[in-house]
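Below, each chain spelled out in residue letters.
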Amino acid sequence: MSVPTKVSGGQSVFRALSLLKLVSLHHESGIALRTLVETTGLDRTTTYRLVSILAEAGLVERDDKKRYRLGLEAMQLGLKSMSRVPILERCRPLMIRLARRTEDTVYVVVRNGDYAHCIHYEEGTFPIKALVLQIDGLRLLGVGSAGTALLSTLSDAEIREFHRRQQKELPPSRSKLATVLNEMRTIRKLGYASTENLVADGVGGVGVAFEVTPGSYAAISVGAIRSRMTPERTRRIAKIMIEELSATGWKSKSSPG
């Protein structure tokens, strides 16, 4: 791999950035040190030193199989830019309509690695709010209705890998892989995810994932105090959400992946 050297003394920086980009391309499955060495043409010692510096800075992380993925600091770098995600302006009218129709808080999240990233929310008129996620907040996939809806868009193989990486961080109800896989298959059939008490006691929600570009998904959710999220009302809100998404030109994720 040829490394730009126009900037005096910048070779190590360019090499480290090239490694970071390579790790980002393999974020889902991770990439081994040997593959980094083979792909970049750098010697093993240099590669290990640079990727270790990136790991120390939190830009990459190494899992228990010694494979590298993007770290939380790398994800945080994109948080501010996410406020100008192209889908946001298109989502706002839809969210306002949903907040008006449901009277509850409406969230939109996008996937950021193993996390759901909130980019906006709209408050409804109901006096008791369920403000459980702030703008720019990150929450693990599978925690909260929007993140659970996003998790269901992954293939079973991807969910297995996600669960292996994050099992210790998931709520107790999501500790068993078989339970998670069965729940995700049900969500795909229904077209929506419903949760209660996952984020906070006394709070429920319903989330729907939708395709932004081929193979890329975001999700909207409605959160409210648990007493308002009866099974009947949850189904009704989910239907409204799917209708509003369709009217906006987005297709909800309602079939197995």
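Residues numbered from 1 in each chain as written. Predicted model: local features only at pLDDT ≥ 70, side-chain atom pairs only at ≥ 80, totals over all residues. Heavy atoms only, no water.

## Some details on the confidence of the model for the protein chain
Keep this limit in mind: Here pLDDT means the predictor's own confidence in every residue, given as a number from 0 to 100. Helix numbers and strand numbers start at the N terminus; a helix is a DSSP run of H or I with at least 4 residues, a strand a run of E with at least 2.
Averaged over every residue, the pLDDT of the protein chain is 85; residues scoring 70 or more account for 88%. Summarising per-element confidence for the protein chain, the mean pLDDT is lowest in helix 4 (residues 72-77) (74) and highest in helix 8 (residues 177-190) (95).

## Description of the packing of helix 7 (residues 156-166) against helix 8
To be explicit about the condition: Angular values range over 0 to 180 degrees, each being the angle between N-to-C directions of two axes fitted as lines to C-alpha atoms, with helices fitted over their stretch in contact. Orientation categories follow fixed angle ranges, with anything under 35 degrees roughly parallel, anything over 145 roughly antiparallel, 65 to 115 roughly perpendicular, and all other angles oblique. Left-handed describes a crossing in which the near helix is turned anticlockwise from the far one by less than a right angle; the clockwise case is right-handed. Any pair of residues with heavy atoms lying within 4.5 Å of one another is described as a contacting pair.
Helix 8 packs onto helix 7 with a crossing angle of 140° between their chain directions and a minimal axis gap of 11 Å. Classified by the angle their axes make, helix 7 and helix 8 are oblique. Seen along the crossing, helix 7 lies across helix 8 with a hand that is right-handed. Residues D156, I159, R160 and H163 of helix 7 lie in contact with helix 8, whose contacting residues are L177, V180, L181, M184, R185 and R188.

## Points about the sheet that holds strand 3 (residues 67-70)
Just so we agree on the cut-off: Any two strands are treated as partners once DSSP identifies two or more bridges connecting them.
Reading across the sheet, the three strands line up as 1-3-2 and stay open at both edges, with antiparallel pairing between neighbours. Where the open sheet ends on each side, the last strands, each with one partner, are strand 1 (31-32) and strand 2 (60-62). Strand direction decides the pairing type here: strand 2 and strand 3, joined by three bridges, are antiparallel. Of the residues in strand 3, the one forming a bridge with E61 is R69. Running over the sheet, helix 1 (residues 11-25) touches strand 1, strand 2 and strand 3 and is turned about 95° from strand 3.

## Concerning unusual backbone geometry
Basically, it comes down to this: Remark: exposure states derive from per-residue accessible area (1.4 Å probe, protein chains only) relative to the maximum for the residue type, with buried under 20%, exposed over 50%, and partly exposed in between.
For K66, which is not glycine, the phi torsion reads 60° and is therefore positive. The phi angle at E103 is positive, at roughly 70°, despite the residue not being glycine. Within the secondary structure, E103 is located in the loop between helix 5 (86-102) and strand 4 (105-112). A relative accessible area of 35% places E103 in the partly exposed class.

## Notes on helix 9 (residues 231-248)
The condition that has to hold: A helix is expected to reach a length of 1.5 Å times the quantity of its residues less one. Note that the arc is defined by the directions from the helix axis to the C-beta atoms.
For helix 9, which comprises 18 residues, the first-to-last C-alpha distance of 26 Å matches the rise-based estimate of 26 Å (1.5 Å per residue) to within 8%. Taken together, the buried positions of helix 9 are R233, T234, I237, A238, I240, M241, E244, L245 and T248. Buried residues of helix 9, seen end-on, are gathered within an arc of 165° and therefore sit on one face of the element. Facing away from the buried side of helix 9 by more than 90 degrees, the exposed set consists of P231, E232, K239, S246 and A247.

## Re helix 3 (residues 44-56)
Selection rule: Contacts described as polar in this section are N or O atom pairs within 3.5 Å, which, within protein, must combine one atom able to donate a hydrogen with one able to accept it, while residues neighboring in sequence count only if both atoms come from side chains.
Relative to the 18 Å expected for 13 residues at 1.5 Å per residue, helix 3 spans 18 Å between its end C-alpha atoms, a close match to the ideal helical length. Three or more residues of helix 3 are buried, namely T46, T47, L50, V51 and L54. One side of helix 3 carries all its buried residues, which in axial view fall inside an arc of 115°. Opposite the buried face of helix 3, at more than 90 degrees from it, the exposed residues are R44, T45 and E56. Taken together, the buried residues of helix 3 touch helix 1, helix 2 (33-40), strand 2 and strand 3. One side-chain oxygen at the N-terminal end of helix 3 lies 3.1 Å from the backbone nitrogen of T45; it belongs to D43. Within two residues after helix 3, G58 carries a phi angle of roughly 85°, on the positive side.

## Side note on the pairing of strand 4
Counted residue by residue, strand 4 has seven buried out of eight residues, so it is predominantly covered. Looking at chain direction, strand 4 and strand 9 (residues 216-225) are connected through six bridges and run antiparallel. Bridging across to strand 9, V108 finds its partner in I220. Bridge count between strand 4 and strand 5 (residues 115-122): seven bridges; the pairing is antiparallel. Counterpart to V109 in the pairing with strand 5 is C118.

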